[in-house]
Structure formats: C-alpha cells, structure tokens
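# Structure at a glance
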Amino acid sequence: MSEFRPPRYLKPMNKFMMAVQKLGIPTGPAMVLTVPGRRTGKPRSTPMTPFEHDGGLYVVAGYPGADWASNARSAGAGTLSRGRKSRPVKIIELDATESRPVLRSFAVKVPVGVGFAKRSGLVAEGTPDEFAELAGQLAVFRFDPGD
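Residues numbered from 1 in each chain as written. Predicted model: local features only at pLDDT ≥ 70, side-chain atom pairs only at ≥ 80, totals over all residues. Heavy atoms only, no water.

Taking an unreviewed UniProt entry as the reference, the protein chain is identified by name as Deazaflavin-dependent oxidoreductase (Nitroreductase family) belonging to Mycolicibacterium moriokaense.

Encoded structure:
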C-alpha cells in the first residue's frame, strides 16, 4: 500500500461532527472518542463509528497511521460520548489475527466506513474479504467498560 493521506475534507468534517455532538444532537451511530494526546497530554477528540461484533464494541481506524489511533494506543483509556452522554472506556488494540474477523464485520456493519475506504483508495469494492486483507495495516480497537 502506498503512503496514504487523508482527504482534505476530513478535518473540517470531524470538527463539524464534534460541534453537533457537543450541542447534544446524536448523529446516527457516530460517537466521539476523547483521549489524552500522546505528546501534550491535552484531550484530543475524534468522531468515529463504533460497531458491535460478537458482543463487543469495536472501531477501525479509517486509514493507516491515523493520529487518533496513535493517541488511543498510547492512552489505553478514554471517554466515549454520544450527544451529551459519555462513559469511560478501556481501549484494547487487536493484533492482525484478532482484527481479521472484526474487519470482515466492519465491511457489513459500517457502510459509511466502507464508502470512506473506497473513496480513499484503500479498497476497490469494499467486500469483507478486502477489509480482512487490511489486517495489520489498519488499527482495530475494542472498547471495554472503563473504571
């Protein structure tokens, strides 16, 4: 896979999504993850679309090297919010073998993520098999209840 650069619209769209969430307006399945930054320790918030798989709550990074994924990996815990409701979560990164079935599930359960991956050139068709092949390239995390 060549060096991936996120689309230019991503940061403004993320800011808009977070502003809508702060107003208390849930935006479909989207949630906001807040973790301390790995360098500054300041809270960093990112909208994302967690989904259920085999009784757990998971999220897939939209592209390799996503900053939020590095922050989540470093923090190991954060706050997951939807509208004005939030809850603490533990953040567990899956290895490539563990992430393969979750990526297959993502391809079926998160159409907005599939569309993003197709427009970004990560996958051609967005099939479960294509996403499974991204295991080890895209970060996959499980959210467990936090303290």
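### Describing the layout of surface pockets
Counted only if it meets this: The method works on a 1 Å grid over the protein atoms by themselves. A cavity is a set of points holding a 1.4 Å probe that cannot get out, a pocket is an open set with protein on both sides within 12 Å along at least five of seven lines, and residues with an atom within 4 Å of a point line them. Grid points are joined across faces, edges and corners, and a volume is the space filled by probe spheres set on the points. By definition, any uninterrupted DSSP run of H or I lasting at least four residues is a helix, any uninterrupted run of E lasting at least two residues is a strand, and each is numbered from the N terminus. Side-chain classes follow a simple rule in which Ala, Val, Leu, Ile, Met, Phe, Trp, Tyr, Cys and Pro form the nonpolar group, Asp, Glu, Lys and Arg form the charged group, and the remainder, Gly included, forms the polar group.
In this structure, the second largest pocket encloses a volume near 200 Å³. Looking at the second largest pocket, it is lined by 13 residues, and the ones nearest its centre are M31, P50, E52, L57 and R87. Within the residue set of the lining of the second largest pocket, elements represented by two or more residues are strand 3 (51-53), strand 6 (85-93) and strand 7 (140-145). Of the residues belonging to the lining of the second largest pocket, the class tally is nine nonpolar, no polar and four charged.

### Observations regarding the pairing of strand 7
Inclusion rule: Two strands pair under a simple rule: DSSP has to find at least two bridges between them.
Where strand 4 (residues 56-60) meets strand 7, four bridges bridge the pair, whose relative direction is antiparallel. Among the inter-strand pairings, V60 is bridged to a residue of strand 7, identified as V140. Bridge count between strand 6 and strand 7: five bridges; the pairing is antiparallel. Across the sheet, the residue bridging to I92 is R142, located in strand 7.

### Brief notes about the environment of V35
Our working rule: Relative accessibility decides the category of a residue: with a 1.4 Å probe and only protein chains considered, values under 20% of the type maximum give buried, values over 50% give exposed, and everything between is partly exposed. Contacts: residue pairs with any heavy atoms within 4.5 Å of one another.
For V35, the location among the structural elements is in strand 1 (residues 31-36). What makes V35 buried here is its relative accessible area of 4%. When the C-alpha positions of V35 and V89 are compared, they lie 9.9 Å apart, and in sequence the two are 54 residues distant. Those residues within four positions of V35 in sequence are excluded, and the remaining contacts are K42, P43, R44, N71, A72, A75, A77, G78 and I91.

### Notes on the pattern of salt bridges
Note the following rule: The salt bridge definition used is simple: a Lys or Arg side-chain nitrogen within 4 Å of an Asp or Glu carboxyl oxygen.
In this structure the tally under the stated criterion is four salt bridges. With its nearest N and O atoms 3.6 Å apart, the salt bridge here joins D67 to R38. With D67 in helix 2 (residues 67-75) and R38 in the loop between strand 1 and strand 2 (43-48), this pair connects stretches of sequence that are 29 residues apart. For E93, the salt bridge goes to R73, with nearest N and O atoms at 2.6 Å. With E93 in strand 6 and R73 in helix 2, this pair connects stretches of sequence that are 20 residues apart. Under the relative-accessibility criterion, E93 is labelled partly exposed at 33%. Judged by relative accessible area, R73 falls into the partly exposed class, the value being 43%.

### Considering helix 2
Residues W68, A69, S70, N71 and A72 constitute the buried set of helix 2. G76 lies just past helix 2 and shows a positive phi near 75°.

### Quick notes on helix 3 (residues 96-109)
To keep things clear, this is the line we draw: What a helix is expected to span follows from its residue count: subtract one and scale by 1.5 Å. Think of a polar contact as two N or O atoms within 3.5 Å of one another; within protein, one of them needs to be a possible hydrogen donor and the other a possible acceptor, and neighboring residues in sequence only count if both atoms come from side chains.
Helix length check: helix 3 (14 residues) gives 19 Å between terminal C-alpha atoms against 20 Å at 1.5 Å per residue, within 8%. Along helix 3, the residues that are buried comprise S99, V102, L103, S105, F106 and A107. For helix 3, the secondary structure elements touched by its buried residues are strand 3, strand 4, helix 4 (111-120), helix 5 (128-132) and strand 7. For helix 3, the N-terminal capping position is held by D95, with its side-chain oxygen 3.1 Å away from the main-chain nitrogen of T97.

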